[in-house]
Amino acid sequence: MGIITEFNPDLALRNISHYHSGERLSQECIPETLVEGEVYPFIKSGQRNYWMEGEIALLETEGGGRLSDPLASIVILEATHYVEDGKVCTRGIYCVEKVGAKFNWMKVE
């Protein structure tokens, strides 16, 4: 048996409406307002690995691989794997670097 792990080039969280409806924890969702320089917690199911030496995109996911365009550029500051109710999860914190139209994710200089 191998180790099941996922490498993610971005952080994909749910819409905050999933928290308001009681479907998800607040840390599984994008905050109502993203503020540059602020730090936010996140939780994802599964053992996930993120690039932590620079900026990555924050996306909104609907599940099933359906992802939005980048909403913000973030830096993951901490990511920890843990087991809850027999399931592996990843929790951590990220800092918002740039929001929305203030950055062009695909810009090459």
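Scroll up a little and you will see the structure.
The text that follows walks through the structure, step by step, so that each part is easy to find. (Residues numbered from 1 in each chain as written. Predicted model: local features only at pLDDT ≥ 70, side-chain atom pairs only at ≥ 80, totals over all residues. Heavy atoms only, no water.)

On to the side chain of Asp 10, then. If you trace the backbone, Asp 10 turns up in strand S2 (residues 10–13). Buried within the structure, Asp 10 lacks any salt-bridge partner; Arg 48 is the closest side chain of opposite charge, at an N-O distance of 7.3 Å. Among all residues touching Asp 10, those that are not within four sequence positions of it are Tyr 50, Ile 56, Ala 57 and Leu 59. (Helix = DSSP H or I, 4+ residues; strand = E, 2+ residues; numbered from the N terminus. Buried < 20%, exposed > 50% of the residue type's maximum accessible area, 1.4 Å probe, protein only. Lys, Arg positive; Asp, Glu negative; His and termini not counted. Salt bridge = Lys/Arg side-chain N within 4 Å of Asp/Glu carboxyl O. Contact = heavy atoms within 4.5 Å.)

In this structure, the largest pocket encloses a volume near 240 Å³. Around the largest pocket sit 18 residues that line it, and Ala 12, Arg 14, Lys 44, Arg 48 and Thr 61 are the ones nearest its centre. A breakdown of the residues in the lining of the largest pocket according to their chemical character gives six nonpolar, five polar and seven charged. (1 Å grid on protein atoms, 1.4 Å probe; cavity = no way out; pocket = protein on both sides within 12 Å on 5 of 7 lines; lining within 4 Å. Points joined across faces, edges and corners; volume = space filled by probe spheres on them. Nonpolar A, V, L, I, M, F, W, Y, C, P; charged D, E, K, R; others polar.)

Mapping Gly 86 onto the fold places it in the loop between strand S7 (72–84) and strand S8 (87–99). Separated by 38 residues in the primary sequence, Gly 86 and Arg 48 place their C-alpha atoms 16 Å from one another.

We now examine the packing of aromatic side chains. Inspection of the entire model under this criterion finds three aromatic pairs. Where Phe 42 meets Tyr 50, the ring centres are 5.7 Å apart and the plane angle is 80°; that geometry is what we call edge-to-face. Looking at Phe 42, the relative accessible area reads 1%, which means it is buried. According to the relative accessible area criterion, Tyr 50 is buried, its value standing at 9%. Joined through ring pairs, the aromatic side chains of Tyr 40, Phe 42, Tyr 50 and Tyr 94 make up one cluster. Above the plane of the ring of Tyr 82 lies Arg 91, whose end atom (NZ or CZ) is 3.9 Å from the centre. (Phe/Tyr/Trp six-rings, centres within 6.5 Å; stacked < 30°, edge-to-face > 60°. Lys NZ or Arg CZ within 6 Å of the ring centre and 35° of its normal.)

So, about the pairing of S8. Two faces make up the sheet, and in a regular strand the side chains alternate between them. In the sheet, strand S3 (residues 39–45) pairs with S8 via seven bridges, with the strands oriented antiparallel. Within S8, the residue paired with Ile 43 across the bridge is Arg 91. Bridge count for S7 against S8 is 12 bridges, and the pairing is antiparallel. Within the sheet, the bridge partner assigned to Ile 74 lies in S8 and is Val 96. Hairpin connection, S7 to S8: the antiparallel pair is bridged by two residues, and Asp 85 has positive phi, about 55°. (Pairing = 2+ DSSP bridges.)

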